[in-house]
Amino acid sequence: MSKFANHNFAGQKALIRVDFNVPLDKQTQAITDDTRIKAALPTIKKILADGGSVILMSHLGRPKEGPEEKSSLKHLIKHLGELLGTGVEFADDCIGQQAVDKAAALQPGQVLLLENLRFYKQEEKGDEGFAEKLSKLGDVYVNDAFGTAHRAHASTAVIAKFFPGDKKMFGLLMEGEVSSAEKVLHGSEKPFTAIIGGAKVSDKILIIENLLERATDIIIGGGMAYTFFKAQGGKIGSSLCEDDRLETAKEILKKADEKGVCIHLPGDSIIADKFAADAETSSALSNTIPDGWMGLDIGMMACETFAKVIKKSKTILWNGPMGVFEMDKFQHGTKCIATAVAEATQDGAFSLVGGGDSVAAVNQFGYTDKVSYVSTGGGAMLEYFEGKVLPGIAAINE
Ligand code: AMP
């Protein structure tokens, strides 16, 4: 059993760093998507069920100069209370006297929400004094905010040093994220296929380089594939291309060859005469795209080849769509890949989908429950797979 599940919170005040950075309606400040709040509920509920109390701290939005109405966490009180089925106390400052008094008065089963951490510049600066003040509010520190685990902020990392080893831990959401990511990166059963898509090579170089050390196969799709075709002397029409990354693309292909990692590029593409939902479309080999046309999705042949590779895999990591899946005409490739990943998962593979747009695609196509794990932490997940040490994880583990 996990450290969190094993811990009995009876009579303790748990200070939980959650990621309640939810989108709010600009006019009414109503929550437009509560996924992040719902994701933290199991952690909160376990603590309350044990007979503990909960102090929730989070950031919201990007406040620049101190407190501002539109980024106040008070907009979340009502909905959070409804989801938890209990009243929620609110402190209109995260470290002031009111927060101290309200935290001290908390009784078992009660919940206190603190005002936005980023109303203080010290939060993002990782200020020790600020972190220490926060730490005084609770007996146990629980980090359940994987989305900010790659930041060395006061509440996500620095604060952990003010708690002894048995009084700091990941919450259930963070435990799920960390153990799934570790399983893929360090305990992957082979063949291990990484599917990397999206717009830009430059955003994904580090992740590809790290995966060259671990994966058996790397599938490269999306706009970034065309830089690879051009680097090999192909004609790509007006497809997306980063001319300053042609050498990088060549190096990646060379390294893969040396290491015996199979790189799969989409042999054919769905091409369009403009970047628009109502564009004229056709298909072409990805290295002979006519002038004036651009590749906006992988083609039929590529779908088949990629699906075969995916279906023989035991571990799958997917980051980034295969095409402009937001437009109907160019979503077929991403859908095919989602189907293949779901089928491989059903046959026993472990599949992890991470990164904003692939998660959106999997949700859009209704495959969320058909893959092993969908990560909520876009940037954090990417940095983890780049091989970086995430401060939020290190702070708990050290
Ligand atoms: P990223 O955030 O780098 O994962 O990129 C995701 C974006 O890449 C999505 O909005 C897609 O529409 C876009 N994309 C995928 N394939 C292509 C393509 N062939 N050409 C242009 N944009 C693409």
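Source: prediction; values computed, not measured. (Residues numbered from 1 in each chain as written. Predicted model: local features only at pLDDT ≥ 70, side-chain atom pairs only at ≥ 80, totals over all residues. Heavy atoms only, no water.)

Enquirer: Give a description of the environment of isoleucine 159 that names residues and reports values.
Expert: Structurally, the position occupied by isoleucine 159 is in the loop between β5 (140-143) and β6 (168-170). The class of isoleucine 159 is buried, set by a relative accessible area of 0%. Along the backbone, isoleucine 159 and phenylalanine 4 are 155 residues apart, and their C-alpha atoms lie at a distance of 18 Å. If near-sequence neighbours (up to four positions away) are discounted, isoleucine 159 is found in contact with Leu15, Met57, Ala131, Leu134, Ser135, Tyr141 and Ala154. (Helix = DSSP H or I, 4+ residues; strand = E, 2+ residues; numbered from the N terminus. Buried < 20%, exposed > 50% of the residue type's maximum accessible area, 1.4 Å probe, protein only. Contact = heavy atoms within 4.5 Å.)

Enquirer: Run through the domain arrangement of the chain, naming residues and quoting values.
Expert: If you check the domain split of the chain, you get domain 1 (3-173) and domain 2 (182-385). Every contact between the two is made by five residues of domain 1 and, on the other side, eight residues of domain 2. When the area that domain 1 buries against domain 2 is broken down by residue, the three leading residues are Phe146, His150 and Leu173, summing to 80%. For the pair domain 1 and domain 2, the number of links is zero residue pairs in polar contact (both at pLDDT 80 or more). Residues of the side of domain 1 that touches domain 2, tallied by class, amount to three nonpolar, two polar and no charged. (Domains from an automatic or database assignment. Buried area = accessible area lost by both parts, 1.4 Å probe. Polar contact = N/O pair within 3.5 Å; in protein donor to acceptor, adjacent residues only side chain to side chain. Nonpolar A, V, L, I, M, F, W, Y, C, P; charged D, E, K, R; others polar.)

Enquirer: Summarise the pairing of strand β16 (residues 350-353); cite the residues concerned and give the values.
Expert: A two-sided burial pattern is seen for β16, the buried positions comprising Phe350 and Leu352 on one face and Ser351 and Val353 on the other. Here four bridges tie strand β15 (residues 315-319) to β16, and the two strands are oriented parallel to one another. Residue pairing for β16: threonine 315 is matched across the bridge by phenylalanine 350. The β-α-β motif built from β15, the intervening helix α12 (residues 332-346) and the parallel element β16 has right-handed crossover chirality. As judged from the two bridges shared by β16 and strand β17 (residues 373-374), these two strands associate in the parallel manner. From the neighbouring strand, leucine 352 faces β17, where its bridge partner is tyrosine 373. (Pairing = 2+ DSSP bridges. Right-handed = clockwise from strand over helix to strand, strands pointing away.)

Enquirer: Provide a residue-level description of empty space enclosed by the protein, including the pertinent values.
Expert: Per the counting criterion, the structure on display carries two cavities of 30 Å³ or more. One number sums up the size of the largest cavity: a volume of about 80 Å³. In terms of residue class, the lining of the largest cavity is made up of four nonpolar, three polar and three charged. There is about 30 Å³ of room inside the second largest cavity. Lining the second largest cavity we find Ile207, Leu317, Asn319, Gly354, Met381, Leu382 and Phe385. Of all the secondary-structure elements, those providing two or more residues to the lining of the second largest cavity are β15 and α14 (378-385). With three residues, the single largest contributor to the lining of the second largest cavity is α14. Tallied by class, the residues present in the lining of the second largest cavity amount to five nonpolar, two polar and no charged. (1 Å grid on protein atoms, 1.4 Å probe; cavity = no way out; pocket = protein on both sides within 12 Å on 5 of 7 lines; lining within 4 Å. Points joined across faces, edges and corners; volume = space filled by probe spheres on them.)

Enquirer: If you had to explain the layout of surface pockets to someone new, which residues and values would you point to?
Expert: Left-over empty space is what a probe sized like a water molecule reveals as it rolls over the atoms. Roughly 210 Å³ of internal volume is contained in the second largest pocket. Asn21, Val22, Leu24, Asp25, Lys26, Gln29, Leu60, Gly61, Arg62, Glu68, Lys70 and Ser71 together form the lining of the second largest pocket. A class-by-class count of the residues in the lining of the second largest pocket yields three nonpolar, four polar and five charged.

Enquirer: Provide a residue-level description of the sheet that holds strand β10 (residues 262-264), including the pertinent values.
Expert: Overall, parallel pairing links the six strands, which are arranged β10-β8-β7-β15-β16-β17 in an open sheet. The open sheet terminates on both sides in strands that have one partner only, identified here as β10 and β17. Packing of helix α7 (residues 172-186) onto the sheet brings it into contact with β7 (192-196), β15, β16 and β17, and relative to β16 it is tilted by some 120 degrees. (Axes fitted to C-alpha atoms, helices over the stretch in contact; angles between N-to-C directions.)

Enquirer: So what about the pattern of salt bridges? Which residues, and what values?
Expert: Throughout the structure, instances matching the rule amount to 19 salt bridges. Here arginine 36 and aspartate 19 are joined by a salt bridge, their closest N and O atoms 3.6 Å apart. Here the residue arginine 36 occupies a position in helix α2 (residues 35-50), and aspartate 19 occupies one in the loop between β1 (13-17) and α2, the gap between them amounting to 17 residues. Residue classification places arginine 36 among the partly exposed positions, given a relative accessible area of 36%. The class of aspartate 19 is buried, set by a relative accessible area of 13%. A salt bridge links lysine 38 to aspartate 34; the shortest N-O distance between them is 3.5 Å. Judged by its relative accessible area of 15%, aspartate 34 is buried. (Salt bridge = Lys/Arg side-chain N within 4 Å of Asp/Glu carboxyl O.)

Enquirer: Quick one: what's the story with the packing of helix α11 (residues 300-311) against α12, residue by residue and with numbers?
Expert: Where α11 contacts α12, the two axes come as close as 9 Å, and the packing angle between them is 20 degrees. By the angle class used here, α11 and α12 are roughly parallel. For the pair α11 and α12, the sense of crossing is right-handed. On the side of α11, the interface is formed by Met300, Cys303, Phe306, Ala307, Ile310 and Lys311, while α12 contributes His332, Gly333, Cys336, Ile337, Ala340, Val341, Glu343 and Ala344. The residue makeup of the contact of α11 with α12, split by class, is 10 nonpolar, two polar and two charged. (Parallel < 35°, antiparallel > 145°, perpendicular 65-115°, else oblique. Left-handed = near helix turned anticlockwise from the far one by under 90°.)

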